[in-house]
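# A look at the structure
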Amino acid sequence: MNITIGDLCSRYANDKRRRAPKGEKAARNESNHLRWLAQEFHNWSANRSSPARLARWAEERRQSVSAQTVKHDLNRLSAVLGRAQLVYRVIDRNIASEARAICAQTGVFAGIESRERRASPSELDRICEHCSPEMARLIRFAVETCMRRQEIVGMRWSDVDVDRATLHIPVTKTGKARTIRLSQQAIALLREQRSDSERVWHLAPDTVTKGFNRACRAAKVVDLRFHDLRHEGISRLFEGRTFSRPLTIPEAQIISGHSTWSQLQRYTQLSAENLPL
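Here is a short report on the structure shown in this document. (Residues numbered from 1 in each chain as written. Predicted model: local features only at pLDDT ≥ 70, side-chain atom pairs only at ≥ 80, totals over all residues. Heavy atoms only, no water.)

What follows covers the overall build of the chain. Helices and strands together make up the secondary structure of the chain, namely 13 helices and three strands. For 277 residues, the compact-globule formula gives about 19 Å, and the C-alpha radius of gyration of the chain, at 19 Å, lands near that figure. When the backbone C-alpha atoms are referred to their principal axes, the chain occupies close to 50 × 45 × 35 Å. Counting the 277 residues in the chain, one finds 51% classified as buried. Considering only intrachain contacts with a sequence separation of at least 6, the fraction spanning at least 24 residues in the chain is 68%. As displayed, the chain has an accessible area near 14300 Å², and 48% of this comes from carbon and sulfur atoms. Looking at charge distribution, the chain has the averaged site of its 47 positive side-chain charges lying 4 Å from that of its 31 negative ones. (Helix = DSSP H or I, 4+ residues; strand = E, 2+ residues; numbered from the N terminus. Rg over C-alpha atoms; globule rule 2.2 N^0.38 Å. Buried < 20%, exposed > 50% of the residue type's maximum accessible area, 1.4 Å probe, protein only. Contact = heavy atoms within 4.5 Å. Areas by Shrake-Rupley, 256 points an atom, 1.4 Å probe, with all protein chains shown as cover. Lys, Arg positive; Asp, Glu negative; His and termini not counted. Charge placed at Lys NZ, Arg CZ, Asp CG, Glu CD.)

The subject of this paragraph is the pairing of strand E2 (residues 166-169). Side chains Leu167 and Ile169 of E2 all project onto a buried face; the interleaved residues Thr166 and His168 project onto a face where none is buried. When strand E1 (residues 160-161) meets E2, the two strands line up antiparallel, connected through two bridges. Among the inter-strand pairings, Val160 is bridged to a residue of E2, identified as Leu167. Pairing between E2 and strand E3 (residues 178-181): four bridges, direction antiparallel. Across the sheet, the residue bridging to Thr166 is Arg181, located in E3. (Pairing = 2+ DSSP bridges.)

Time to look at the packing of aromatic side chains. Scanning the model with the defined rule gives six aromatic pairs in all. Each ring, one from Phe212 and one from Phe226, has its centre 5.6 Å from the other, and the planes form 90 degrees; the classification is edge-to-face. Separated by 14 residues along the polypeptide, Phe212 in helix H10 (residues 205-219) and Phe226 in the loop between H10 and helix H11 (228-239) bring together distant segments of the chain. Here Phe212 and Phe226 have matching classes, each one buried. Each member of the aromatic cluster is reached from another via a ring pair, and the members are Trp36, Phe41, Trp44 and Trp57. Sitting over the ring of Phe109, Lys71 keeps its end group 5.5 Å from the ring centre. (Phe/Tyr/Trp six-rings, centres within 6.5 Å; stacked < 30°, edge-to-face > 60°. Lys NZ or Arg CZ within 6 Å of the ring centre and 35° of its normal.)

The next subject is the side chain of Lys16. Tracing the sequence through the fold places Lys16 in helix H1 (residues 5-19). According to the relative accessible area criterion, Lys16 is buried, its value standing at 15%. When near neighbours in sequence (up to four residues on either side) are disregarded, Lys16 contacts Glu30 and Val171.

We now examine the packing of H11 against helix H12 (residues 249-256). It is the contact of H11 with H12, at a shortest axis distance of 10 Å, that shows an interaxial angle of 150 degrees. By the angle class used here, H11 and H12 are roughly antiparallel. Judged by the twist between their axes, the crossing of H11 over H12 is right-handed. Packed against H11, whose contacting residues are Arg230, Ile234, Leu237 and Phe238, the element H12 presents Ile249, Ala252, Ile255 and Ser256 at the interface. (Axes fitted to C-alpha atoms, helices over the stretch in contact; angles between N-to-C directions. Parallel < 35°, antiparallel > 145°, perpendicular 65-115°, else oblique. Left-handed = near helix turned anticlockwise from the far one by under 90°.)

Strand order across the open sheet formed by three strands is E1-E2-E3, with antiparallel pairing between neighbours. The outermost strands of the open sheet, each flanked by one partner alone, are E1 and E3.

Between side chains of opposite charge, pairing is possible as soon as their charged atoms come close. According to the stated counting rule, one finds 18 salt bridges in the structure shown. Across the pair Glu98 and Arg93 runs a salt bridge whose closest N-O atoms are separated by 2.7 Å. The partly exposed category is assigned to Glu98, whose relative accessible area is 33%. The exposure class of Arg93 is partly exposed, given its relative accessible area of 40%. In this structure, the salt-bridge partner of Arg164 is Asp161, at a minimum N-O distance of 3.9 Å. With a relative accessible area of 61%, Arg164 lands in the exposed category. By relative accessible area, which is 26% here, Asp161 ends up partly exposed. Connected via shared salt-bridge partners are Arg118, Glu232, Arg236, Glu239 and Arg241. (Salt bridge = Lys/Arg side-chain N within 4 Å of Asp/Glu carboxyl O.)

Once that is clear, we can look at empty space enclosed by the protein. Summed over all chains, the structure comprises two cavities of 30 Å³ or more. Empty space within the second largest cavity amounts to approximately 40 Å³. Forming the walls of the second largest cavity are Ala142, Met147, Arg148, Arg149, Phe226, His227, Leu229 and Arg230. Looking at the lining of the second largest cavity, its residues break down into four nonpolar, one polar and three charged. (1 Å grid on protein atoms, 1.4 Å probe; cavity = no way out; pocket = protein on both sides within 12 Å on 5 of 7 lines; lining within 4 Å. Points joined across faces, edges and corners; volume = space filled by probe spheres on them. Nonpolar A, V, L, I, M, F, W, Y, C, P; charged D, E, K, R; others polar.)

Below, the structure is given as structure tokens:
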């Protein structure tokens, strides 16, 4: 079967469209990006193209766009090809993931600054004071689970197993589904949120971002983004503040979804005073 990378981008876009809240801006932006990728790679064989060729494409694209944009392109392609490999089972390897590693070594991503912002307990308390009860629960749930915004708002009760303290996340940024362990606090938040609707949360991704930013301004918390809660949550895993003990790197990777320590390390900013004695 002579399937192209463009074909896989279109199929992935259709899958995402069925699960995304209708009219949501972030979903529309992702759909437009996938449409562009589908056109850009319409004649690239999904099984015959190499990581080296894709890395050369990234180097050429870097001449006209920022390093961050190129990295976003490869991240999205990696999600598409990861799903094609693990779910559709139509390809044998994820060349985008390999090309991304090549680009990291050759300097294509040079200039991208790594964020190290964490949210303090007092900042979270102040932010939640300026949120609706549901939004406050969602913010604390994000810290407890280290989940991405899109993963959280896409949650369904059918994916939650309170008795086993697990949550299945079928659609992720990388295209690889994962099942995570839920902390006692995460379970408590879900019990408070429990409803008869199919979806766990009744907030769209854009609503979450705007609500979070508005609450930060009201609480006078500066330079904090919703995605920084993922940094905070992952760092807490190693400090022993989420579960009964600090997690090992492989255990933390199960929660975060990172496939390598180098990826996970970017989200880990430990505080000396929070480390166990």
